[in-house]
Amino acid sequence: MSEPTPDPTVEARARRGRNIALALGLVLFVVLVFVVTVVRMGGNVGLRPL
Amino acid sequence: MAMSPALSRPSAPPRWQDYVQLLKPRVMSLVIFTAITGLVCADSSVNPILGAIAIFCIAVGAGASASFNMWYDADIDAKMRRTRARPVPSGKVQGSDALALGGVLSMFSVMLLGMTTNWLAAGLLAFTIFFYAVVYTMWLKRSTPQNIVIGGLAGALPPVIGWAAAAGSVPLNAWLLCAIIFMWTPPHFWALSLYTSEDYEKAGVPMMPVTAGAASTRKQILIYSLLFVPLCIVPVFTHLGGLTYLAVAGLGGLVFLVLAWRVFKSRAGEAAGERNDDGLYDVKGGSKDARNLFAFSILYLTLLFATLLAEHALGLPPVGVL
């Protein structure tokens with residue numbers, strides 16, 4: 001019995017949705033690390049002995 | 001794990017929503033709620049942004065363990081009405097993708113929680129993921145009717161992680177929140193399994209009604225309820241709960257005990273086909289008492305934690321008997 005062939009349009013739409021979700025996830029990760037870094041450093045950066 | 005070809009071959013291209021379903025969003029929302037309660041009850045001056053990111057990490061960690069569970073349990077999920085539409089058994093997502101997603105999200109959530117708050121909280125999160133994915137899913141679930149009793153620890157730990165994230169320590173009151181959820185789990189799940197035991201039997205999962213019978217399960221529900229309700233009053237004596245909490249825990253506890261007694265006296269779980277196809281709450285015959293306890297148990301736990309959350313957020317004083 002042969003495998004049913006997926007509809008190319010449906011396939012492309014699903015892949016595009018997954019790619020956008022992955023991109024948003026990566027952007028969220030970068031933003032989170034940036035925010036955590038800034039908040040944790042806080043005012044300590046300004047208090048460094050220069 | 002042996003996996004049938006039908007489980008490993010996707011029937012349609014997976015959508016991003018299918019991957020979200022792997023994370024069990026409904027369970028995740030409960031984890032978020034109990035973790036926030038732990039974080040707020042710690043009464044520590046945690047930065048609100050870091051607190052929010054900590055809760056996010058705990059939620060993602062819960063999602064990761066759910067994804068591991070979806071991967072490993074795909075064979076038994078396919079046999080049960082409640083779970084057969086899940087992404088892996090329905091063929092929407094490959095099992096290997098669920099495993100990879102669980103691994104990536106585990107590392108992400110633990111590392112980010114450690115960097116954001118402290119490594120005690122991160123370690124507890126890592127332990128929780130391990131306990132749910134390995135101890136409960138891979139070992140206990142298929143081997144003992146005590147599966148949900150011991151495995152319930154994984155669901156009980158989020159408030160402890162939230163507390164650790166805020167305070168950097170886990171005092172007695174944090175473990176008290178954990179104990180309340182831990183003792184709540186058996187009567188909650190066994191009430192459900194009384195009218196879904198046909199599914200568990202079909203899948204070969206040794207839930208209590210399958211192995212010990214309905215009468216023994218009803219007795220154990222009553223015993224656990226008699227231990228659980230007094231435990232819910234204990235926070236009043238440890239400077240955790242206030243007068244509002246005492247009222248909610250006391251009155252709700254009485255209702256809980258009445259419902260547990262009704263289940264004990266009923267014939268819930270003894271007749272086949274008492275559950276209809278329209279969801280978890282649509283039952284008939286003797287199983288209505290079990291359904292009522294299952295539904296009220298969710299409400300009761302929600303009210304207990306919501307009351308503690310409100311009392312600590314509003315700064316209401318605990319009773320402080322001791």
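Just so it is clear, the structure is predicted and the values come from calculations on it, not from any experiment.

A. Quick peek at the overall build of chain A. Counting its secondary structure elements, chain A contains one helix and zero strands. A total of 50 residues make up chain A; the buried ones form 0% of that total.

B. Just the overall build of chain B, in detail. A tally of regular secondary structure across chain B gives 15 helices and zero strands. Taken against the 2.2 N^0.38 rule, which gives 20 Å for 322 residues, the C-alpha radius of gyration of chain B at 20 Å falls within 12% of a compact globule. Over its C-alpha atoms, taken along the principal directions, chain B stretches across nearly 55 × 50 × 30 Å. The buried share of chain B, taken over its 322 residues, is 50%. Expressed as a percentage of contacts within chain B between residues at least 6 apart in sequence, the contacts between residues at least 24 apart total 74%.

C. Spatial organisation of the packing of helix α13 (residues 214-233) of chain B against helix α14 (residues 243-265) of chain B. Residues and elements named next belong to chain B. Where α13 contacts α14, the axes come no closer than 9 Å and their chain directions differ by 175 degrees. Regarding the angle of α13 to α14, the classification is roughly antiparallel. On α14, the residues touching Arg218, Lys219, Ile221, Leu222, Ser225, Val229, Cys232 and Ile233 of α13 are Ala249, Gly250, Gly253, Phe256, Leu257, Ala260, Trp261, Val263 and Phe264. Taken together, the residues that form the contact of α13 with α14 break down as 12 nonpolar, three polar and two charged.

D. Structural view of helix α6 (residues 95-116) of chain B. Over its 22 residues, α6 of chain B extends 31 Å from the first C-alpha to the last, a length consistent with the 32 Å expected when each residue adds 1.5 Å. Of the residues making up α6 of chain B, those classed as buried are Asp97, Ala98, Leu101, Gly102, Leu105, Ser106, Ser109, Val110, Leu112, Leu113 and Thr116 of chain B. Contacts made by the buried residues of α6 of chain B are with α1 (8-41) of chain A together with α2 (16-22), α4 (48-72), α7 (119-143) and α9 (158-167) of chain B.

E. Expanded view of the packing of α4 of chain B against α7 of chain B. All names here are of chain B. For the pair α4 and α7, the least separation of the axes is 9 Å and the interaxial angle reads 20 degrees. If you check the angle between α4 and α7, you find them roughly parallel. The handedness of the crossing between α4 and α7 comes out as right-handed. Here Ala54, Cys57, Ile58, Gly61, Ala64, Ser65, Phe68, Asn69 and Tyr72 of α4 come into contact with α7, specifically with Ala121, Leu125, Thr128, Ile129, Tyr132, Ala133, Thr137 and Met138. Considering only residue class, the contact of α4 with α7 consists of 12 nonpolar, five polar and no charged.

F. Representation of the confidence of the model for chain B within the structure. Residue and element names in this part refer to chain B. Summing up the model confidence of chain B, the mean pLDDT is 91 and the portion of residues at 70 or higher is 91%. In this model, residues 1-6 is a region of pLDDT below 50 whose contacts with residues beyond four sequence positions or in other chains number eight contacts. Here the prediction assigns the complex a pTM of 0.89, and the interface score ipTM is 0.82.

G. Summary view of the interface of chain A and chain B. Contacts between the two partners involve 12 residues from chain A, matched on the other side by 12 residues from chain B. Across the side of chain A that touches chain B, the residue classes break down as eight nonpolar, one polar and three charged.

H. Here's a closer look at the nonpolar core. In this structure, Leu39, Ile58, Leu125, Val160, Ile161 and Trp163 of chain B are the most contacted members of the largest nonpolar core, which totals 98 residues. Setting aside anything within four residues of it in sequence, one finds Ile58 of chain B in contact with Val31, Ala35, Leu125, Pro158, Ile161 and Gly162 of chain B.

I. Expanded view of helix α10 (residues 172-194) of chain B. All names here are of chain B. Taking 1.5 Å per residue as the helical rise, α10 with its 23 residues ought to reach 33 Å, and the 34 Å between its terminal C-alpha atoms agrees with that figure. Where α10 bends most, at Thr185, the angle is about 30 degrees, and the proline Pro186 comes one to four residues later. Here α10 lies mainly inside the structure; 20 of its 23 residues are buried.

J. Quick look at the environment of Gly114 of chain B. All names here are of chain B. Take Gly114: it is sitting in helix α6. Take Gly114: there are 17 C-beta atoms within 10 Å of it, and that puts it in the partly exposed class. Look past the residues within four positions of Gly114 in its chain and what remains in contact with it is Trp119 and Ala122.

K. Unusual backbone geometry, seen in detail. Residues and elements named next belong to chain B. Positive phi is not limited to glycine here, since Asp43 has a value of about 55 degrees. By secondary structure assignment, the location of Asp43 is in the loop between α3 (25-41) and α4. Phi at His239 is positive, roughly 65 degrees, even though this residue is not glycine. Overall, His239 belongs to the partly exposed group, with 16 C-beta atoms counted inside 10 Å.

L. Fine view of the environment of Phe182 of chain B. All names here are of chain B. Note on placement: Phe182 falls in helix α10. For Phe182, a count of 20 C-beta atoms within 10 Å corresponds to the buried category. Put simply, Phe182 and Thr217 are 35 residues apart on the chain and 17 Å apart in space, counted from C-alpha to C-alpha. Those residues in contact with Phe182 that lie beyond four places of it in its chain are Gly152, Leu153 and Ala156.

M. Spatial organisation of the environment of Val160 of chain B. All names here are of chain B. Position of Val160 among the secondary structure elements: in helix α9. Spatially, the C-alpha atoms of Val160 and Thr34 are 9.0 Å apart, while their sequence positions differ by 126 residues. Those residues within four positions of Val160 in sequence are excluded, and the remaining contacts are Gly38, Leu124, Val170, Ala174, Trp175, Leu177 and Cys178.

Calculation notes
Residues numbered from 1 in each chain as written. Chains lettered and ligands numbered in written order. Predicted model: local features only at pLDDT ≥ 70, side-chain atom pairs only at ≥ 80, totals over all residues. Helix = DSSP H or I, 4+ residues; strand = E, 2+ residues; numbered from the N terminus. Buried ≥ 20, exposed ≤ 12 C-beta atoms within 10 Å, placed from the backbone. Rg over C-alpha atoms; globule rule 2.2 N^0.38 Å. Contact = placed C-beta atoms within 7 Å. Axes fitted to C-alpha atoms, helices over the stretch in contact; angles between N-to-C directions. Parallel < 35°, antiparallel > 145°, perpendicular 65-115°, else oblique. Nonpolar A, V, L, I, M, F, W, Y, C, P; charged D, E, K, R; others polar. Expected span 1.5 Å × (residues − 1). Left-handed = near helix turned anticlockwise from the far one by under 90°. pLDDT = per-residue confidence, 0-100. Core = buried A, V, L, I, M, F, W, Y, C linked by C-beta atoms within 7 Å. Bend = angle between axes of the 7 residues up to and from the residue.

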